[in-house]
Amino acid sequence: IQGSYAVVLELPVCADEETTLSLLQEFERYCYGNGLKTFYYRVPESSIGIFRQLKKNVLFIGQEAILNLETFSLSGSKMHPLRNAINKAKNAGFTFHVYEPEIKDGMIQKLQQVSDDWLNKPGKSEMVFSQGMFLPELVKKTTVMTIENPEEKVVAFLNLVPDFVKGEGTYDLIRITDDAPTGIIYFLLTEMFAWFKSKGIT
């Protein structure tokens, strides 16, 4: 609840659209009776009809990025700046690493330092309503990908989370240190894409 709004993440889990509509109508009555307006965040496009029936306005505020790994390529003039950033990082001795669960405590401490550094930047905070946060006990149980400098300091990382759509892969946290080279995040992501492809993820 924020001010006079009940902010809802996504949809209720229901067997069908009719049940979803019925539950949302009940929730709307409850909120109205308690002096709250409702705001539904990150709802799938396929559910817009339900919200039209609830007399809701629809506001497009972003979309999930989906990349087709079968057609993705670093070749061509458009990708030249990206290739330059990646090659610069590699030439400076930065390397990509994959750590499978369970992640050791020493590595978790390194990742925590990166996360703390990231969160100390102006305007950064854990947005736990719509995505995950750094919880060591959970990160330990995920596959972690890092970029490390020649002294094995982690300067960027992401962690993979289960994705139950066939042929699809996704990550949760992605964080970099303040002193990480420009473009290091592209290095990390393109290496993740290559790793996904090697696992048959499209």
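Refer to the preceding data block for the structure.
So, a few notes on the structure that sits alongside this text. One numbering rule holds for all chains: residues counted from 1, following each sequence as written. Totals for whole chains, interfaces and linings use all residues, but because this is a predicted model, local features are given only for residues with pLDDT of at least 70 and pairs of side-chain atoms are given and counted only at 80 or more. Heavy atoms from the whole structure form the basis of all side-chain values; hydrogens and water molecules are not counted.

1. Details of unusual backbone geometry
1) Next: In this structure, the amide linkage connecting P101 to the following residue, E102, adopts the cis form with an omega of 10°.
2) Next: Think of it this way: any DSSP run of H or I at least four residues long counts as a helix, any run of E at least two long counts as a strand, and we number them from the N terminus. With respect to the helices, strands and loops of the structure, E102 is situated in the loop between β3 (95-99) and α4 (105-119).
3) Next: Positive phi is not limited to glycine here, since E10 has a value of about 65°.
4) Next: Position of E10 relative to the elements: it lies in the loop between β1 (5-9) and α1 (17-33).
5) Next: Positive phi, close to 60°, is recorded for R42, a residue that is not glycine.

2. Topic: a nonpolar patch on the surface
1) Next: On the surface, Y5, V7, F39, L59 and I61 cluster together into a nonpolar patch covering about 480 Å² of accessible area.
2) Next: Residue classification places Y5 among the partly exposed positions, given a relative accessible area of 36%. The patch calculation keeps residues exceeding 30% relative accessible area without a salt bridge and links them within 9 Å when they carry like charges or within 5 Å when they are nonpolar (Val, Leu, Ile, Met, Phe, Trp, Tyr). Computed by Shrake-Rupley with a 1.4 Å probe, the accessible areas treat only the displayed protein chains as cover when residues are assessed. A side-chain nitrogen of Lys or Arg and a carboxyl oxygen of Asp or Glu constitute a salt bridge if their distance falls within 4 Å. Only protein chains enter the accessibility calculation, which uses a 1.4 Å probe; a residue is then buried when its area is under 20% of its type maximum, exposed when over 50%, and partly exposed in between.

3. Some points on α1
1) Next: Compared with an ideal rise of 1.5 Å per residue, which puts 17 residues at 24 Å, α1 spans 24 Å between its outermost C-alpha atoms and is within 8% of the ideal.
2) Next: Within the sequence span of α1, burial applies to T20, L21, L24, E28 and C31. Projected down its long axis, α1 shows its buried positions confined to an angular sector of 95°, all on one face. Opposite its buried face, α1 presents the exposed residues E18, R29, Y30 and G33, each directed more than 90 degrees away. Each residue after the first adds 1.5 Å to the expected span of a helix. The arc in question is traced by the directions running from the helix axis to the C-beta atoms.

4. Considerations on the nonpolar core
1) Next: Nonpolar cores are built from buried Ala, Val, Leu, Ile, Met, Phe, Trp, Tyr and Cys residues. Side-chain atoms within 4.5 Å join them into one set. Core analysis: the biggest nonpolar cluster contains 24 residues, and I147, L158, I184 and M192 have the highest contact counts within it.
2) Next: Elements with a minimum of two residues in this core: α3 (80-91), β4 (144-148), β5 (154-161), β6 (170-176) and α6 (184-198).
3) Next: At 8 residues, α6 tops the list of elements feeding residues into this core.
4) Next: Residues count as neighbours in contact if any of their non-hydrogen atoms are within 4.5 Å of one another. Setting aside its immediate chain neighbours within four residues, I147 contacts F94, T95, F96, K153, V154, V155, A156, I184, F187 and L188.
5) Next: Judged by nonpolar contacts, the second largest core, of 11 residues, contains I103, M107, I108 and L111.

5. A few points about the pattern of salt bridges
If charged atoms from side chains of opposite charge come close, those side chains can pair.
1) Next: This model, assessed by the stated rule, comprises 5 salt bridges.
2) Next: The closest approach of N and O atoms between R42 and E10, which form a salt bridge, is 3.3 Å. Taken together, the residues R42 in the loop between β2 (37-41) and α2 (48-53) and E10 in the loop between β1 and α1 connect sequence positions 32 residues apart.
3) Next: The class for E10 is partly exposed, based on a relative accessible area of 33%.
4) Next: Between E191 and K90 there is a salt bridge, with the nearest N and O atoms lying 3.8 Å from each other.

6. Examining the packing of aromatic side chains
The geometry of two aromatic rings is summed up by the distance between their centres and the angle between their planes.
1) Next: Stacked, tilted and edge-to-face are the three classes assigned to paired rings of Phe, Tyr and Trp, where Trp is represented by its six-membered ring and a pair needs centres within 6.5 Å; plane angles under 30 degrees give stacked, over 60 edge-to-face, the rest tilted. Following the criterion strictly, the structure yields 5 aromatic pairs and no others.
2) Next: Ring geometry for Y40 versus F51: centroids 4.9 Å apart, planes at 50°, classification tilted. You can see Y40 sitting in strand β2 and its partner F51 sitting in helix α2, a full 11 residues away along the chain.
3) Next: Looking at F51, the relative accessible area reads 4%, which means it is buried.
4) Next: Ring pairing ties together the aromatic residues F27, Y40 and F51, which thus form one cluster.

As far as function goes, none of this settles anything; it's purely spatial.
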